[in-house]
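Spelled out from the first residue to the last, the chains are:
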Amino acid sequence: MSQTRLGLCPKYYITQQHNKRHADNVKNLLGHPQIIQRTCSQRRPKQARGRPKMKTVIVVHGGAWAIPDLLAEASVAGVKNAVRAGDTVLKNGGSAIDAVEKAVRSLEDDPAFDAGHGAVLNIDGEVELDSVIMDGETLAAGAVASVRNIANPVSLARAVMEKTDHVMLTDRGASMFAERIGIPVSHDLVTEPERKEWEHSNSYGAEVKQHYNTQWGHDTVGAVALDSFGNVACATSTGGIRNKMVGRVGDSPIIGSGGYADNRSGAVSCTGHGESILKVTLARLILFHMEQGKSATAAATASLQYMGERVKGCGGAIVLSSTGDWAAGFTTPRMAWASIKEDVLHWGLNPKEEFTEMLKC
């Protein structure tokens, strides 16, 4: 059945399965002068008449954990590549949604990160992937959980947002949907290093404890962006924690925990111990502090500190306000991150570390 929607207003829609008399009744009840037909592919941000262009910003992260020296260089290179990819979209007039999807796809394709290619294995030695994407203009969101053999779950999450009436699909249902819309199956997501680590690992509990203090761990990826139309968006993607139970879902695909975006406040993508992030709804907590007047940095710091005190959880977050104020904070030993604002590339890996580089025009 066609998914074409007849737009009434941001809060109402009817589908083509309704007859014309019902459409007329809805139109009269709402007092709208007309019903405008549109499809998801036609929804693009439009700049308001006379409204000055916003300066674009994008921030990405490669996960907060005890990144070993062996992966440090690759992690930094990966986030720098991803932020450049997203920035190119923004500089060409693309939307924040397009930019975060592009950046996260870059990270999913990089085996240095636990998302897509390079994802960690569950207790049965299988890959299960989670992702979320959210549009701050409309609060539209899409998510997938426990999907297998999908190289870029962030794009599947976006398809859920744009091509269904749902917010989240999981496991078999998500796979059936991916097949129906033509997303190819990938059988090469597991890397040889990950297979060897899984064979020598002990248990999920050991992984969680070692995640923050040794070279064993996982590294969710994510991106937040502000486009020239003043819209924000977020995206988060992960393979979870090694040796997790089959079907375990962490914070990453959960709106308000793994990510959140709202033009009225900003956008956040989180990383760290999923169960801890879920308990404090970290992404929404950070935006709450920003709505109370805190800066992006102060909001991230306060929220991560609260999570540590309240549930003994460690993690990190990238934060972007609707005015372009941004931050990258973490309470783990390391987090690879990068941002671009006004043609200046910022990046870091260790606590209180920041490097800058002027981009060539």
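Since this is a predicted model, take the numbers as computed values, not measurements.

K.L.:
I keep staring at the pairing of strand β14 (residues 334-341) and nothing clicks. Help me out?
P.N.:
Along any regular strand the residues' side chains alternate between the sheet's two faces. Among the eight residues in β14, seven count as buried, and that is most of the element. Across seven bridges, the pairing between strand β4 (residues 57-65) and β14 is antiparallel. Residue His61 lies in a different strand from β14, and its bridge partner there is Trp337. As defined by bridge partners, β14 adjoins strand β15 (residues 344-348) across five bridges and the pair is classed as antiparallel. Bridge pairing in β15 links Trp337 to Gly348. From the end of β14 to the start of β15, which pair antiparallel, there are two residues, and Glu342 there has a positive phi angle of about 55 degrees.

K.L.:
Which parts of the structure should I look at to understand the nonpolar core?
P.N.:
Note on soluble globular proteins: their nonpolar side chains tend to be buried together. Core analysis: the biggest nonpolar cluster contains 53 residues, and Ile58, Val60, Ile133 and Leu156 have the highest contact counts within it. Filtering out sequence-adjacent residues up to four positions away, Val60 remains in contact with Val79, Ala82, Val83, Ala103, Gly222, Ala223, Ile318, Ala336, Trp337 and Ala338.

K.L.:
Could you clarify how one ought to interpret the pattern of salt bridges in this entry?
P.N.:
With the rule as written, the count across this model stands at 14 salt bridges. When the shortest N-O distance is used, the salt bridge between Lys91 and Asp343 registers 3.1 Å. On the criterion of sequence distance, the pair formed by Lys91 in helix α2 (residues 69-91) and Asp343 in the loop between β14 and β15 is long-range, its members being 252 residues apart. The exposure class assigned to Asp343 is partly exposed, which follows from its relative accessible area of 27%. Of the charged contacts in the structure, one is a salt bridge between Asp171 and Arg148, with a shortest N-O distance of 3.8 Å. Of the two residues, Asp171 is situated in helix α5 (residues 171-180) and Arg148 in the loop between β6 (141-147) and α4 (153-163); the sequence distance between them amounts to 23 residues.

K.L.:
Which parts of the structure should I look at to understand the sheet that holds strand β12 (residues 315-321)?
P.N.:
The strand order across the open sheet built from four strands is β10-β11-β12-β13, with neighbouring strands paired in antiparallel fashion. Edge positions in the sheet fall to β10 (259-262) and β13 (326-330), since each has one partner strand and no second. Within this sheet the neighbouring strands show an average axis-to-axis angle of 5 degrees, counted without direction. Two elements, β12 and β13, share five bridges in a ladder whose sense is antiparallel. Paired with Ala317 across the two strands is Gly329, which belongs to β13. Packing against the sheet, helix α10 (residues 296-311) makes contact with β12 and β13, and its axis sits at approximately 25 degrees to β13.

K.L.:
Help me out: how do you make sense of the packing of aromatic side chains in this one?
P.N.:
Each aromatic ring pair is characterised by the separation of its centres together with the angle its planes make. Within the structure shown, the criterion is met by two aromatic pairs. Centre to centre, the rings of Trp326 and Trp337 are 5.7 Å apart; their planes meet at 50 degrees, and the pair counts as tilted. Here Trp326 is found in strand β13, whereas its partner Trp337 is found in strand β14, with eleven residues between them in sequence. Comparing Trp326 with Trp337, the two get one shared label, buried.

K.L.:
Looking at this structure, how should I read the side chain of Glu128?
P.N.:
Checked against the element boundaries, Glu128 lands in the loop between α3 (96-108) and β5 (129-135). A polar contact of 3.0 Å, which involves the side chain of Glu128, links it to the side chain of Arg148. Setting aside anything within four residues of it in sequence, one finds Glu128 in contact with Asn122, Ser146, Val147, Arg148, Thr238, Gly239, Lys244, Met245, Val246, Gly247 and Arg248.

K.L.:
Please explain the confidence of the model for the protein as it appears in this structure.
P.N.:
Detailed reading of the predicted model is not advised wherever pLDDT is low. For the protein, mean pLDDT is 84; residues scoring 70 or higher make up 79% of the total. The low-confidence segment residues 1-44, where pLDDT is below 50, has 49 contacts with residues more than four positions distant or belonging to other chains. When the criterion is pLDDT under 50, residues 211-217 qualifies, and its contacts beyond four places in sequence or with other chains add up to 28 contacts.

K.L.:
It is not clear to me how the sheet that holds β5 should be interpreted in this structure. Could you clarify?
P.N.:
Picture the strands of a sheet paired through backbone hydrogen bonds; they go either parallel or antiparallel. Spatial ordering of the open sheet is given by β7-β6-β5-β9-β8-β4-β14-β15-β16, a layout of nine strands whose pairing is mixed. Strand pairing shows two members of the sheet lacking a second neighbour, β7 (168-170) and β16 (355-358), which therefore form its edges. With strand direction ignored, the average angle separating the axes of adjacent strands in the sheet is 10 degrees. Its contacts with the sheet place α4 against β5, β6, β7 and β9 (232-238), and it is angled at close to 130 degrees to β6. Against the sheet, α5 engages β6 and β7, with an angle of about 105 degrees to β7.

K.L.:
Looking at this structure, how should I read the packing of α4 against α5?
P.N.:
Packed helices, taken two at a time, are described by their axes: the angle between them and the distance between them. Close contact between α4 and α5 brings their axes to 11 Å; oriented N to C, the two are set at 80 degrees. By the criterion of interaxial angle, the relationship of α4 to α5 is roughly perpendicular. Residues Leu156, Ala159, Val160 and Lys163 of α4 lie in contact with α5, whose contacting residues are Ala174, Phe177 and Ala178. Looking at the contact of α4 with α5, its residues break down into six nonpolar, no polar and one charged.

Rules of the game
- Residues numbered from 1 in each chain as written.
- Predicted model: local features only at pLDDT ≥ 70, side-chain atom pairs only at ≥ 80, totals over all residues.
- Heavy atoms only, no water.
- Buried < 20%, exposed > 50% of the residue type's maximum accessible area, 1.4 Å probe, protein only.
- Helix = DSSP H or I, 4+ residues; strand = E, 2+ residues; numbered from the N terminus.
- Pairing = 2+ DSSP bridges.
- Core = buried A, V, L, I, M, F, W, Y, C linked by side-chain atoms within 4.5 Å.
- Contact = heavy atoms within 4.5 Å.
- Salt bridge = Lys/Arg side-chain N within 4 Å of Asp/Glu carboxyl O.
- Axes fitted to C-alpha atoms, helices over the stretch in contact; angles between N-to-C directions.
- Phe/Tyr/Trp six-rings, centres within 6.5 Å; stacked < 30°, edge-to-face > 60°.
- Polar contact = N/O pair within 3.5 Å; in protein donor to acceptor, adjacent residues only side chain to side chain.
- pLDDT = per-residue confidence, 0-100.
- Parallel < 35°, antiparallel > 145°, perpendicular 65-115°, else oblique.
- Nonpolar A, V, L, I, M, F, W, Y, C, P; charged D, E, K, R; others polar.

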